[in-house]
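Structural features, examined
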Amino acid sequence: MLDQTSNGIPILAVIIEPLVALSMLTVSWLLWTKYKQRQDSSILILFLGIFSLSLSVLTSGIGKVFQYYSSYSQAERNISGFTIVIAYSFTVISNGFIILFFKRIFLEENSKFPNVMLFLNGITLGLIIPNISFDEDVYNSILFALIWHIILTFTLYGYLLKLSRKEAKNAAEKIPQKGFNLISRFAISGIAVFLFFIVDLVYGTIRGSGYTPFYYLGWISSGAAAVFAYLGYVMPDWYKNRLMK
């Protein structure tokens, strides 16, 4: 049953993507409640970043569900292609908020890195949004913008990984050290999302069919990123108590 497909969409995509989206929306809700409790603007920014990322997975998942059950083929009406372009738009927006979070936590006030990254991120969004359509080849129309988006994402999360590991190494106390280590895992998961998608594309091309296991690992990495970000920065009391034992 799990190998069943309809309109080129496997049932696993219909199951996994909405489940990952639901888990990420749950983390987003937890971040929002912590912001309301602490009134910490950094938590608000992190919430907006994770919420945007969860909307990306949710949008893609909704597209898969509608395409799977649609009476139209992808050639007639590419619903999943339409939603995947919107999904990538949300990942670009998510990166913008993560840049702002990165700036507040790790960078000096006069650092030019956030402004440059935000500007380049804006260009990416401007390249993607005009190509949102139901056309069969819609994915190909954003290929250049997607490559550019991947480069910027690797740069952002790679720098975040470097600085969070540095802070973890220099932290004298156990809880801050663990927090920075979790943020570094958040960065690794953010990189892994697109690494898995790239491997899926290459492996899928070689074997002559898409939706390899790496495709699902890509979206699952988004869910893992949300959890690591929440635990790393918010550090709920139950987790602190566990570390103190």
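Now for a description of the structure that goes with this document. (Residues numbered from 1 in each chain as written. Predicted model: local features only at pLDDT ≥ 70, side-chain atom pairs only at ≥ 80, totals over all residues. Heavy atoms only, no water.)

Quick look at the overall build of the protein chain
Secondary structure summary: the protein chain contains nine helices and two strands in total. Across the protein chain, helices and strands are ordered from the amino to the carboxyl terminus as β-β-α-α-α-α-α-α-α-α-α. What you see for the protein chain is a C-alpha radius of gyration of 19 Å, in line with the 18 Å of a compact globule of 245 residues. With the C-alpha coordinates of the protein chain rotated into their principal frame, the extents come out at 60 × 40 × 35 Å. Here the protein chain holds 245 residues, and the buried ones make up 48% of them. Taking the intrachain contacts of the protein chain between residues at least 6 apart in sequence as the baseline, contacts between residues at least 24 apart amount to 74%. Total accessible area on the protein chain stands at roughly 12,300 Å², and carbon and sulfur atoms take up 63% of it. Charged side chains of the protein chain number 19 positive and 13 negative; the gap between the two group centres comes to 13 Å. (Helix = DSSP H or I, 4+ residues; strand = E, 2+ residues; numbered from the N terminus. Rg over C-alpha atoms; globule rule 2.2 N^0.38 Å. Buried < 20%, exposed > 50% of the residue type's maximum accessible area, 1.4 Å probe, protein only. Contact = heavy atoms within 4.5 Å. Areas by Shrake-Rupley, 256 points an atom, 1.4 Å probe, with all protein chains shown as cover. Lys, Arg positive; Asp, Glu negative; His and termini not counted. Charge placed at Lys NZ, Arg CZ, Asp CG, Glu CD.)

Section: the pattern of salt bridges
Opposite charge on two side chains allows them to pair when their charged atoms are near. Applying the stated criterion across every chain, the model contains one salt bridge. Note that Glu17 and Lys64 form a salt bridge whose closest N and O atoms lie 3.7 Å from each other. Of this pair, Glu17 sits in helix 1 (residues 11-38) while Lys64 sits in helix 2 (residues 41-69), placing them 47 residues apart in sequence. Like Glu17, the residue Lys64 is buried in the burial classification. (Salt bridge = Lys/Arg side-chain N within 4 Å of Asp/Glu carboxyl O.)

Looking at helix 1
Compared with the 40 Å implied by 1.5 Å per residue over 28 residues, the 41 Å span of helix 1 between its first and last C-alpha is a close match. One or two steps after helix 1, the chain reaches Gln39, where phi turns positive at roughly 55°. (Expected span 1.5 Å × (residues − 1).)

A look at the environment of Asp200
In this fold, Asp200 is placed in helix 7 (residues 174-207). Since its relative accessible area comes to 11%, Asp200 is described here as buried. In sequence terms Asp200 and Asp40 are 160 residues apart; their C-alpha atoms lie 38 Å from each other.

Regarding the environment of Tyr203
Looking at where Tyr203 falls in the secondary structure, it is placed in helix 7. On the basis of relative accessible area, Tyr203 is assigned to the partly exposed category, the value being 36%. Tyr203 sits 10 residues away from Pro213 along the chain, and the two C-alpha atoms are 9.8 Å apart. Ignoring any residue separated from it by four or fewer positions in sequence, one finds Tyr203 in contact with Thr212 and Phe214.

Considerations on the side chain of Ser28
Residue placement: Ser28 occurs in helix 1. Beyond its immediate stretch of four places on either side in the chain, Ser28 contacts Phe47, Ile50, Phe51 and Ser54.

Thoughts on the environment of Ile123
Looking at the element boundaries, Ile123 is found in helix 4 (residues 113-128). In sequence terms Ile123 and Leu243 are 120 residues apart; their C-alpha atoms lie 42 Å from each other.

Let's talk about the packing of aromatic side chains
Under the defined criterion, the tally for this structure stands at 21 aromatic pairs. Here Phe102 and Phe106 contribute two aromatic rings whose centre-to-centre distance is 5.7 Å and whose plane-to-plane angle is 70°, an arrangement assigned as edge-to-face. You can see Phe102 and its partner Phe106 sitting in helix 3 (residues 79-106), four residues apart, about one turn around the helix. With centroids separated by 6.0 Å and ring planes inclined at 85°, the aromatic side chains of Tyr203 and Phe214 adopt a geometry described as edge-to-face. (Phe/Tyr/Trp six-rings, centres within 6.5 Å; stacked < 30°, edge-to-face > 60°.)

Re the packing of helix 6 (residues 143-170) against helix 7
Packing of helix 6 against helix 7 leaves a shortest axis separation of 8 Å and a crossing angle of 160°. When the axes of helix 6 and helix 7 are compared, the pair comes out roughly antiparallel. Handedness of the crossing formed by helix 6 with helix 7: left-handed. A per-class count over the contact of helix 6 with helix 7 returns 16 nonpolar, eight polar and two charged. (Axes fitted to C-alpha atoms, helices over the stretch in contact; angles between N-to-C directions. Parallel < 35°, antiparallel > 145°, perpendicular 65-115°, else oblique. Left-handed = near helix turned anticlockwise from the far one by under 90°. Nonpolar A, V, L, I, M, F, W, Y, C, P; charged D, E, K, R; others polar.)

Some remarks on the packing of helix 2 against helix 8 (residues 213-234)
For the pair helix 2 and helix 8, the least separation of the axes is 11 Å and the interaxial angle reads 160°. Classified by the angle their axes make, helix 2 and helix 8 are roughly antiparallel. As helix 2 packs across helix 8, the resulting crossing turns out to be left-handed. Taken together, the residues of helix 8 that come into contact with helix 2 (itself represented by Ser42, Ile43, Leu46, Ile50, Leu53, Ser56, Val57, Ser60 and Lys64) are Tyr215, Trp219, Ser222, Ala226, Ala229, Tyr233 and Val234.

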